Structure formats: structure tokens, C-alpha cells
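Given next are the chains, with one letter for each unit.
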Amino acid sequence: VEAAPHAGLTSGRSNGVHVTVLPDAPAIGAVSTPGPATSGHAASVTIGGGGADAGDTIAIYDGHRLIGSATVAADGTWTLTVSLGVGTHALTATQSTGCDGRHCDVFTSLASAATTVTVYAPPAPPSITQPKPYTVAVDFVLSGRGEAGDLVIVYDAGRLISDGDPAKLGNGAASGIVQSPRMAL
């Protein structure tokens with residue numbers, strides 16, 4: 001920095017100032033809708049975004065816990081698939097520069113705005129009330145309880161025998177006629 005000349009005089013240069021420019025915080029642009037958690041109590045979620053600097057690293061956090069990272073593609077996009085447990089998650093992302101051949105200083109952006117993702121537990125399996133024993137193949141009523149609004153599908157030794165009817169689940173009770181020439185219960 002030099003002072004403007006005054007009457008033809010110019011000052012000497014001031015002390016130098018070091019300025020660090022951090023990369024922009026990446027935006028989480030897309031999050032897949034997680035299905036219900038599996039028996040391992042986790043669901044797979046794909047997170048993605050764009051507008052980042054090619055070659056940089058995107059780190060994804062669940063709260064303050066690092067859950068994965070991805071390298072930004074040449075077109076500025078990135079995706080990462082992570083496993084999230086049952087519950088509500090606040091996901092944020094940071095962008096870090098890498099070595100460019102001349103420098104190897106790594107600078108990391110501030111965190112992005114949080115994106116909320118909720119993973120639900122699968123519903124409990126329905127219960128079945130044991131039907132009365134029959135000695136000949138006849139139609140009978142199979143009843144039980146399940147989650148209101150859920151679809152109940154009935155199998156006989158792995159073979160589908162009833163694809164369910166959600167209209168029969170209005171109050172959490174399910175009943176219907178199940179036809180099977182041989183029913184193994």
C-alpha cells in the first residue's frame with residue numbers, strides 16, 4: 001500500500017498483510033429419502049450437491065461427528081452414501097482445498113446450513129391369532145393385530161396366499177378370509 005503522491009512525494013510501502021481466503025461452504029442440495037431402518041437399525045442415505053471446486057474434499061457431519069467425505073468431480077458435483085441410525089439427524093458439510101502442485105496448504109470452509117433427515121424404525125411385525133384347527137381344506141378367518149394403515153401380507157411356507165387389504169386395517173385390527181388348500185401354521 002502506498003500513500004497517494006502529495007506534491008510529487010511518494011511514501012514508502014507499508015507492512016505486508018497476509019490474507020487467507022477460505023472456500024465457500026458447500027450446499028447440501030439433495031438428500032435421498034431414507035426407507036425405514038433395517039434389522040440392523042440403520043438406513044442408507046445418499047447426499048449430494050454442486051457448485052463446489054473440482055478436486056476439493058467435501059466432509060459430511062452428523063452434528064459434530066464426521067460421517068464421511070467425497071471428492072468434488074470436475075463438474076463441481078459430489079455425492080456420498082452414508083448409513084444413518086433411527087432418529088433425526090442434522091447434516092452439515094464443509095469444503096476443504098487440497099494440494100495443487102505448488103501449495104499444500106489445506107483450508108476448510110465454515111459448515112453449511114444444516115439439513116434434517118429422519119430415519120424411522122420399521123413397524124413391529126403383526127401378530128396372528130391362531131385359527132381353529134381344521135381337518136379338511138376350507139376357507140377360514142385369520143385375524144390379528146398390526147399398525148393402523150399398514151398392509152398385511154400373508155404367506156404359507158414362503159408362498160404368497162394373501163396380498164393384504166389396507167381397507168381392513170382402519171383401527172389396527174386386521175381380519176379377512178384367507179383361502180389356502182393347505183395351511184401350515
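Each value, and the rule that gives it
- Residues numbered from 1 in each chain as written.
- Predicted model: local features only at pLDDT ≥ 70, side-chain atom pairs only at ≥ 80, totals over all residues.
- Heavy atoms only, no water.
- Helix = DSSP H or I, 4+ residues; strand = E, 2+ residues; numbered from the N terminus.
- Buried < 20%, exposed > 50% of the residue type's maximum accessible area, 1.4 Å probe, protein only.
- Contact = heavy atoms within 4.5 Å.
- Areas by Shrake-Rupley, 256 points an atom, 1.4 Å probe, with all protein chains shown as cover.
- Pairing = 2+ DSSP bridges.
- Salt bridge = Lys/Arg side-chain N within 4 Å of Asp/Glu carboxyl O.
- Patch = residues over 30% accessible without salt bridge, like charges linked within 9 Å, V, L, I, M, F, W, Y side chains within 5 Å.
- Axes fitted to C-alpha atoms, helices over the stretch in contact; angles between N-to-C directions.

A closer look at the overall build of the protein
Scanning the protein from N- to C-terminus turns up zero helices and twelve strands. The buried share of the protein, taken over its 185 residues, is 27%. Counted over contacts in the protein with a minimum sequence separation of 6, partners at least 24 positions apart contribute 52%. Split by element, the accessible area of the protein, about 12200 Å² in all, is 56% carbon and sulfur.

A look at the pairing of strand β4 (residues 65-71)
In this structure, strand β3 (residues 57-62) lies alongside β4, joined through six bridges in antiparallel fashion. The partner of I58 across the bridge, within β4, is A70. In this antiparallel pair of consecutive strands, β3 and β4, the connection spans two residues, and G63 shows a positive phi of 70°.

Quick look at the sheet that holds strand β2 (residues 42-49)
The three strands lie next to each other as β1-β2-β5, forming an open sheet whose pairing is antiparallel. Each edge of the open sheet carries a strand with a single partner, namely β1 (30-31) and β5 (78-85). Here two bridges tie β1 to β2, and the two strands are oriented antiparallel to one another. Along β2, the bridge assignment pairs V31 with I47.

A few points about the pattern of salt bridges
This structure, assessed with the given rule, holds one salt bridge. The shortest N-O distance in the salt bridge between R65 and D62 comes to 3.8 Å. Looking at R65, the relative accessible area reads 51%, which means it is exposed. The buried category is assigned to D62, whose relative accessible area is 15%.

What about the environment of A43?
Tracing the sequence through the fold places A43 in strand β2. It is 6.8 Å that separates the C-alpha atoms of A43 and V119, two residues lying 76 residues apart in sequence. Other than its neighbours up to four places away in sequence, A43 contacts P34, G35, P36, A37, V82, S83, L84 and V119.

What to know about the pairing of β3
A regular strand places its side chains so that they alternate between the two faces of the sheet. Sheet topology note: the β3/strand β6 (residues 87-96) ladder contains six bridges and is antiparallel. By the bridge assignment, D62 is partnered in β6 with L91.

Here's the deal with a nonpolar patch on the surface
A grouping of V17, V19 and V21 is seen on the molecular surface, where their side chains present a nonpolar patch of about 350 Å² in accessible area. Relative to the helices and strands, V17 is located in the segment before β1.

Some words on the sheet that holds β3
Pairing within the open sheet is antiparallel, and its four strands lie in the order β4-β3-β6-β7. Every other strand in the sheet has two partners, leaving β4 and β7 (115-119) as the edge strands with one partner each. Averaged over all adjacent pairs, the angle separating strand axes in this sheet is 30°, with direction ignored. Direction of pairing for β6 relative to β7: antiparallel, over a ladder of five bridges. Residue pairing in the sheet places G87 in a bridge with V119 of β7.

Some words on the environment of V152
Position of V152 relative to the elements: it lies in the loop between β9 (140-145) and β10 (154-156). On the basis of relative accessible area, V152 is assigned to the partly exposed category, the value being 24%. With 26 residues separating them along the chain, V152 and P126 place their C-alpha atoms 7.5 Å apart.

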